[in-house]
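Chain residues, written in single-letter form:
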Amino acid sequence: MEEIVFSTEKEMQIVQLTAMINEKIEEFNRDIEEGILHVYAPHATGAIMINESADPNIQEDIINKLKDLFPKGDNYKHNCIDNNAHSHLISTFLGCSETFPIRNNELKLGTWQDISFVETDGPRTTRKVYIQIIEK
Ligand code: ZN
């Protein structure tokens, strides 16, 4: 298992992971004809998302829609503990893992697809993503 560690600067933020994951696949240095990459975020207030990163407007649209769907302070029971129920709900809604096909050492993402971590309760100094490669 490989680990990617990074920090976030904003309360809600989309962090692009594709380049960092591609580096890990290169470091793995194996000839993977066919395989699967599993990406997992071990956080209750973070998520893994696949979407476009070329246009920053769509990232802003995604964050704004998530804020609309899961407003802060919506009388959630969890808020009596640490006031971040909306962050947990977004994380649950998006999910904390995704699986991708690998062929000939390359992630088979669509043209406009990128792998991202979604911060829902930042800023945080230490966010982690685990990646595992399973070869056929
Ligand atoms: Zn909490």
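Just so you know, these numbers come straight off a predicted model, no measurement behind them. (Residues numbered from 1 in each chain as written. Predicted model: local features only at pLDDT ≥ 70, side-chain atom pairs only at ≥ 80, totals over all residues. Heavy atoms only, no water.)

### Examining the coordination of the zinc ion
Okay, step 1: Donor atoms from the polypeptide that coordinate the zinc ion comprise His 78 (NE2), Asp 82 (OD), Asp 82 (OD), Asn 84 (OD1) and His 88 (NE2), at 2.0 to 2.5 Å from the metal.
Okay, step 2: Ordering the donors of the zinc ion by residue number gives the pattern H-x3-D-x1-N-x3-H.
Okay, step 3: By relative accessible area, Asn 84 is classed as buried at 4%. (Donors = N, O, S within 2.8 Å, 3.2 Å for Na, K, Ca; no water. Buried < 20%, exposed > 50% of the residue type's maximum accessible area, 1.4 Å probe, protein only.)

### Focus on the confidence of the model for the protein
Okay, step 1: Residues of the protein with pLDDT of at least 70 account for 100%, and the chain-wide mean is 95.
Okay, step 2: The least confident element of the protein is helix α1 (residues 18-28), whose mean pLDDT is 91; the most confident is helix α4 (residues 85-94), at 98. (pLDDT = per-residue confidence, 0-100. Helix = DSSP H or I, 4+ residues; strand = E, 2+ residues; numbered from the N terminus.)

### Here we look at the sheet that holds strand β4 (residues 46-51)
Okay, step 1: As summarised here, the arrangement of the 3 strands in space is β2-β7-β4, forming an open sheet in which the pairing is antiparallel. The strands lining the two open edges of the sheet, one partner per strand, are β2 (13-16) and β4. In this sheet, adjacent strand axes meet at a mean angle of 35 degrees when their direction is disregarded.
Okay, step 2: Bridge count for β2 against strand β7 (residues 114-119) is 4 bridges, and the pairing is antiparallel. For Val 15, the partnering residue across the bridge sits in β7 and is Phe 117.
Okay, step 3: This element, helix α2 (residues 56-69), spans β2 and β4 of the sheet and lies at about 135 degrees to β2. (Pairing = 2+ DSSP bridges. Axes fitted to C-alpha atoms, helices over the stretch in contact; angles between N-to-C directions. Contact = heavy atoms within 4.5 Å.)

### Examining the packing of aromatic side chains
Okay, step 1: Counting across every chain of the model gives 3 aromatic pairs.
Okay, step 2: A ring pair is formed by Phe 6 and Phe 117, whose centres lie 5.2 Å apart and whose planes are at 75 degrees; its orientation type is edge-to-face. In this pair, Phe 6 is assigned in strand β1 (residues 2-6) and Phe 117 in strand β7, connecting sequence segments 111 residues apart.
Okay, step 3: With a relative accessible area of 10%, Phe 6 lands in the buried category.
Okay, step 4: Taking relative accessible area as the criterion, Phe 117 reaches 0% and is therefore assigned buried.
Okay, step 5: Their ring planes at 20 degrees and their centres at 6.5 Å tell us that Tyr 40 and Tyr 130 sit as a pair that is stacked. With Tyr 40 in strand β3 (residues 34-40) and Tyr 130 in strand β8 (residues 127-135), the pair connects residues that are 90 residues apart, well separated along the chain.
Okay, step 6: Accessibility expressed as a relative area gives 33% for Tyr 40, which makes it partly exposed. (Phe/Tyr/Trp six-rings, centres within 6.5 Å; stacked < 30°, edge-to-face > 60°.)

### A short note on the pattern of salt bridges
Okay, step 1: With the rule as written, the count across this model stands at 8 salt bridges.
Okay, step 2: We note a salt bridge from Glu 11 to Lys 72, for which the minimum N-O separation is 2.7 Å. Of this pair, Glu 11 sits in the loop between β1 and β2 while Lys 72 sits in the loop between α2 and α3 (79-82), and the two are 61 residues apart along the sequence.
Okay, step 3: The exposed category is assigned to Lys 72, whose relative accessible area is 53%.
Okay, step 4: Each of Glu 2, Lys 24 and Glu 27 takes part in salt bridges that share partners, so that together they form one network. (Salt bridge = Lys/Arg side-chain N within 4 Å of Asp/Glu carboxyl O.)

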